[in-house]
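The lines below spell out each chain.
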Amino acid sequence: MEYIKTDLITALPELTVLFMAMFILLLDLFIKPKNRIVIYGLAQFTLLAAAYFTVVTYNPSVGYAFSNMFVDDPLADILKLMTFLGTSMMLVYTRQYMQQRGMFRGEYYAMVLFALLGMMIMISGQSLLTIYMGLELLSLCLYSLVAFDRDNARATEAAMKYFVLGALASGMLLYGMSMIYGMTGSLNVAEISSALLEMNTKNPVLILGLVFVVAGLAFKFGAVPFQMWVPDVYQGAPTSITLLIGSVPKFAAFAITIRLLAQGLQPLAVDWQDMLLIMAVLSIAIGNITAIAQTNLKRMLAYSTISHVGFLLFGFMSANLNGFASSMFYISAYVLMTLAGFGMILLLSRQGFEAENLDDLKGLNQRSPWAAFLMLITMFSMAGVPPTLGFYAKFTVLQAALQAGFIWAVVFAVVMAAIGAFYYLRVVKLMYFDAPKDNARISAPVDMQLVLSINAAALLLLGIMPQTLMQICGVAIVISLQ
Amino acid sequence: MIFNDFIFYTLAAILLFAGIRVITTRNPVYAALHLVLAFFTAAGIWLLLEAEFLAIALVLVYVGAVMVLFLFVVMMLDINLDKLREGFWDYLPMAGTIGLLMAVEMVMILSGKYFAPTTVASKSADYSNTAELGRVLYTDYLLPFELASVVLLVAIIAAIVLTLRDRQDSKSMNPAEQVLVKKQDRLRIVKMDAVVETPSVEDPKADKEKS
């Protein structure tokens, strides 16, 4: 019994989220629709409480729980804190949007919290089984959230595509895991790594397993050639859900990639480096070039995501601590940028109107100089224009790849980033140099405007002073991977 | 041992046949029934491996519950098969080549060398793998076990969120609301001008007199 108690204390943030998700579900039955704002408050409170418990139970060493299936290391703690922050911002951005579209229901908040629980389990997963369970929990919540606006045919179609392809990806991941389990005889990431060190890593069964694991991960990230679902789902889902799918789950995907590739299959690094190289180069090329042809803002940002994933893989490709730390920095920057980008779409949308086409941004500077400026920073950051955060993030991953000797790939990535700058700058051109199409006033709650401003300011400030964030990422990776 | 081998190969052959029929048969009901057969033979193979609990669970849960439900759904749905099969021949060359390549690769890797048969010492007669499974499930694998329950909970919530609607034609009554009703809610007073019936100008009697 005693060991159960210490396990439960280690998993206190997870338990908080689980308990509150179920509590919200029950409370929703007894609350009047006009008082539903209480549920929103409770969801925010849950995030705060979970963050509090994460900080309180923080310790700079690596701890295990639940028979080594759950790990509590600095990497997990820091990624969880970032996830809480991102989710909290997402809830602020989406509140009015959901209210206006009749989706402001208790289940929305319960599902978001269950998805959050899935992400936390993935981040702390130390066994193939826990990682898989966390992934399924997250995916299941996301599938149903995409279809949340259930009378919308496009959202339903997107949910169906996401579900079928996601199930296929889960199947591939599981198949790869079963091969690796078959060869190493263990589900535990650390034990897999030590078993691999003692055997012939040229074993084709291991490579087969690795191929399937990498394919499954690439599917979840949306890297080429497993990117088909990304544009359709991003465009079809309600913008608030797109914001959720595009942002925080990437932290969890990053975490399981670290756990699986960097911790478990590090002895096979020579093999997965090549796979990641191909995917990274293709993702950057296809993402950036296809984005140019888009007229829908959500779809454009989806292709932009694909290219960002390519850059992220550049950090992984170097397969050393420096590379992983720069990848972690990149993913943090990416999530901040995505929150700001889709936050802007939500800001410009209003009752019965979705600001999802590029034309809707025309002349934004005349309608609201402040909103235009925020979008300007976001676009500059996504394009990687100095001194924004996006520039520094791209710089660190490419530097890590350069040190690992991928010179030609880096040169190619820089060229592609320059091409990609075109469609980000086109948005800026539309906002500042074109005449506005509609002159509706932008009406967003004060808290949303405030948080969005802070979000965009962070893109600028962290770009000028990236040292603290870089240091946090470095420390987390070094302590957790050694 | 030879008898065991014989049973294994028989069951495996039936399993493969059933598996292939699931995806090739035209009628979805037959496909579902073949899946039942596949589960049944798989359970038989597990019995050979002395995994009695899993074998019985497979029959009870999948054959007994899941597949019966599945059959009902398949029978209820009106699926237009010809529409589903549209484009089959267009995709066949590409999909067939890739499928064949993957099958060849997997046969090369998975057969023989790396998965050499080993003999596992059989357990004594009083060994219960049900008890053993239960022990592991509630101690070492407690976390994934609980997570599985959360996943199922989410599946229930998702199904309800996506399908439950208040019926538009529902005639259910809410007594609390009925008691609270006020006069203004039900009675509407409409102001309108008085209408006086004017007799028609021509008198029908006069008509008769004329004729």
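Before reading further, recall that the structure is shown in the block above.
Residues numbered from 1 in each chain as written. Chains lettered and ligands numbered in written order. Predicted model: local features only at pLDDT ≥ 70, side-chain atom pairs only at ≥ 80, totals over all residues. Heavy atoms only, no water.

Brief notes about the overall build of chain B
- Along chain B, the regular secondary structure elements total 10 helices and 0 strands.
- In terms of C-alpha radius of gyration, chain B reaches 35 Å, well past the compact-globule figure of 17 Å for 211 residues.
- Reported as C-alpha extents along the three principal axes, the dimensions of chain B are approximately 120 × 50 × 30 Å.
- Of all 211 residues assigned to chain B, the portion counted as buried reaches 16%. (Helix = DSSP H or I, 4+ residues; strand = E, 2+ residues; numbered from the N terminus. Rg over C-alpha atoms; globule rule 2.2 N^0.38 Å. Buried < 20%, exposed > 50% of the residue type's maximum accessible area, 1.4 Å probe, protein only.)

Some words on the side chain of T338 of chain A
Residue and element names in this part refer to chain A.
- Mapped onto the fold, T338 is located in helix 15 (residues 321-348).
- Owing to a relative accessible area of 3%, T338 belongs among the buried residues under this scheme.
- A distance of 2.8 Å separates a polar side-chain atom of T338 from the backbone oxygen of Y334.
- Once residues lying within four places of it in the same chain are set aside, the contact partners of T338 are L243, G246, S247, G343 and M382. (Polar contact = N/O pair within 3.5 Å; in protein donor to acceptor, adjacent residues only side chain to side chain. Contact = heavy atoms within 4.5 Å.)

A word on the interface of chain A and chain B
- Across the contact, 35 residues belong to chain A and 27 residues belong to chain B.
- Ranking the residues of chain A by area buried against chain B places M133, L140 and R150 of chain A at the top, with a combined share of 20%.
- At the junction of chain A and chain B, the tally comes to 0 salt bridges.
- At the level of secondary structure, the elements contributing two or more residues to the side of chain A that touches chain B comprise helix 1 (2-10), helix 2 (12-30), helix 5 (106-123), helix 6 (128-146), helix 7 (153-184) and helix 9 (204-221) of chain A.
- The element contributing the most residues to the side of chain A that touches chain B is helix 6 of chain A, with 7 residues.
- For the side of chain A that touches chain B, the per-class residue count stands at 27 nonpolar, 4 polar and 4 charged. (Buried area = accessible area lost by both parts, 1.4 Å probe. Salt bridge = Lys/Arg side-chain N within 4 Å of Asp/Glu carboxyl O. Nonpolar A, V, L, I, M, F, W, Y, C, P; charged D, E, K, R; others polar.)

What about helix 7 (residues 142-163) of chain B?
- With 22 residues, helix 7 of chain B should reach 32 Å at 1.5 Å per residue; the first-to-last C-alpha distance of 32 Å fits that figure.
- Along helix 7 of chain B, the positions that sit buried rather than exposed are L142, L143, P144, L147, V150, V151, V154, I157, A158 and V161 of chain B. (Expected span 1.5 Å × (residues − 1).)

Quick notes on the packing of aromatic side chains
Residue and element names in this part refer to chain A.
- In this structure the tally under the stated criterion is 25 aromatic pairs over all chains.
- With a centroid separation of 5.5 Å and 45° between ring planes, the pair formed by F254 and F316 is classed as tilted. Of the two residues, F254 sits in helix 12 (residues 249-264) while F316 sits in helix 14 (residues 297-317), which places them 62 residues apart along the sequence. The exposure classification of F254 matches that of F316, with both residues buried.
- Lying across the ring of F353, R350 places its NZ or CZ 4.4 Å from the centre.
- The aromatic ring of F311 is capped on one face by K394, whose charged end is 4.7 Å from the ring centroid. (Phe/Tyr/Trp six-rings, centres within 6.5 Å; stacked < 30°, edge-to-face > 60°. Lys NZ or Arg CZ within 6 Å of the ring centre and 35° of its normal.)

Side note on a nonpolar patch on the surface
- A cluster of nonpolar residues, I289, L402, I407, W408, V411, V415 and I419 of chain A, forms a patch on the protein surface that exposes about 680 Å² of accessible area.
- In terms of residues, the nonpolar patch owes the most to one element, helix 19 (residues 407-433) of chain A, which gives 5 residues. (Patch = residues over 30% accessible without salt bridge, like charges linked within 9 Å, V, L, I, M, F, W, Y side chains within 5 Å. Areas by Shrake-Rupley, 256 points an atom, 1.4 Å probe, with all protein chains shown as cover.)

Some thoughts on the pattern of salt bridges
Residues and elements named next belong to chain A.
- Under the definition given, this model contains 15 salt bridges over all chains.
- Between D73 and R259 there is a salt bridge, with its nearest N and O atoms 3.1 Å apart. Remark: R259 occurs in helix 12 and D73 occurs in the loop between strand 2 (70-72) and helix 4 (74-100); sequence separation between them is 186 residues. In terms of burial, D73 and R259 fall into one category: buried.

Quick look at the nonpolar core
- Core analysis: the biggest nonpolar cluster contains 210 residues, and Y93, Y108, W272 and F314 of chain A have the highest contact counts within it.
- Ignoring sequence-local partners within four residues, the contact set of Y108 of chain A consists of M90, L91, T94, M98, M103, L145, F148, S240 and I241 of chain A. (Core = buried A, V, L, I, M, F, W, Y, C linked by side-chain atoms within 4.5 Å.)

A closer look at the environment of L430 of chain A
All names here are of chain A.
- Relative to the elements of secondary structure, L430 occurs in helix 19.
- L430 sits in the buried class, given a relative accessible area of 8%.
- Setting aside residues no more than four positions away along its own chain, L430 makes contact with L358, L361, K362 and G363.

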